[in-house]
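# What the coordinates show
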Amino acid sequence: MPHRKIRPLLAALVIISAAGLSAPTPVDAADNNDAIGKMEGTWPDWLPRAEQCPADSMPANAGAPAFSIEGCSAAAEQCLDRCRAGNASDCYAAALVVQRMIKTGPLSDALFLRACKLGVASGCTNVAASMEDSGDYACPNRTYELACGRDDPWACTMMGFHLIKAQTRRPF
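Quick look at the structure, then. (Residues numbered from 1 in each chain as written. Predicted model: local features only at pLDDT ≥ 70, side-chain atom pairs only at ≥ 80, totals over all residues. Heavy atoms only, no water.)

Moving on: the overall build of the protein chain. A count of helices and strands for the protein chain gives 9 helices and 0 strands. N-terminal to C-terminal, the α/β element order of the protein chain is α-α-α-α-α-α-α-α-α. Summed over its atoms, the accessible surface of the protein chain is roughly 9,200 Å², and 56% of this surface lies on carbon and sulfur atoms. (Helix = DSSP H or I, 4+ residues; strand = E, 2+ residues; numbered from the N terminus. Areas by Shrake-Rupley, 256 points an atom, 1.4 Å probe, with all protein chains shown as cover.)

Right under this line is the structure:
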């Protein structure tokens with residue numbers, strides 16, 4: 001039984017350590033700011049607004065992505081193009097890059113939700129975490145429970161945190 005909980009953590013470490021192995025040629029940071037700023041200014045039709053509960057968008061086969069924050073940081077526009085084309089890992093990496101550049105907000109949440117809908121459980125978890133500011137924990141807790149069941153260590157951590165703080169009545 002303990003091996004079941006360790007496996008997702010080991011998988012996440014392997015993914016994170018392998019993520020930087022194939023980074024594209026670096027692009028000027030101003031280019032990345034321009035690409036991200038353009039998306040914020042004219043919201044693309046392919047990018048959903050994060051207004052629905054991620055648990056309702058999470059596919060049954062959602063799991064852990066293989067992504068490269070460094071690769072997306074070096075070439076944000078290409079990463080966003082691949083996200084637009086349906087690459088879940090690039091949507092997730094792009095959301096992380098946006099968070100680093102302009103903090104958590106509507107654009108990073110939308111990229112996480114796109115990653116979620118494309119099968120990245122941790123994308124669902126991140127959207128749910130940003131929804132907690134409203135004080136309603138029903139959707140986040142439901143999302144954490146589903147994503148934890150799909151071996152997302154971040155979701156399991158958030159679920160445990162809510163149990164400790166008594167923000168949920170559901171058994172873990």
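Alright, that's what it looks like, and here's the rest.
In this section: helix 5 (residues 88–102). The terminal C-alpha atoms of helix 5, which comprises 15 residues, lie 21 Å apart, in line with the 21 Å expected from a rise of 1.5 Å per residue. By the criterion of burial, helix 5 is predominantly enclosed, with 11 of the 15 residues buried. Among the residues making up helix 5, those that are buried are Ala-88, Ser-89, Asp-90, Cys-91, Tyr-92, Ala-93, Ala-94, Ala-95, Leu-96, Val-97 and Val-98. (Expected span 1.5 Å × (residues − 1). Buried < 20%, exposed > 50% of the residue type's maximum accessible area, 1.4 Å probe, protein only.)

Grouped together as the largest cluster of nonpolar side chains are 37 residues, with contacts concentrated most on Tyr-92 and Leu-111. Of all the elements, helix 5 adds the most residues to this core, at 9 residues. Setting aside residues up to four positions removed in sequence, Leu-111 forms contacts with Trp-46, Leu-47, Leu-80, Cys-83, Cys-91, Ala-94, Ala-95 and Val-98. (Core = buried A, V, L, I, M, F, W, Y, C linked by side-chain atoms within 4.5 Å. Contact = heavy atoms within 4.5 Å.)

Take it as geometry only, folks, not as evidence of what the structure does.
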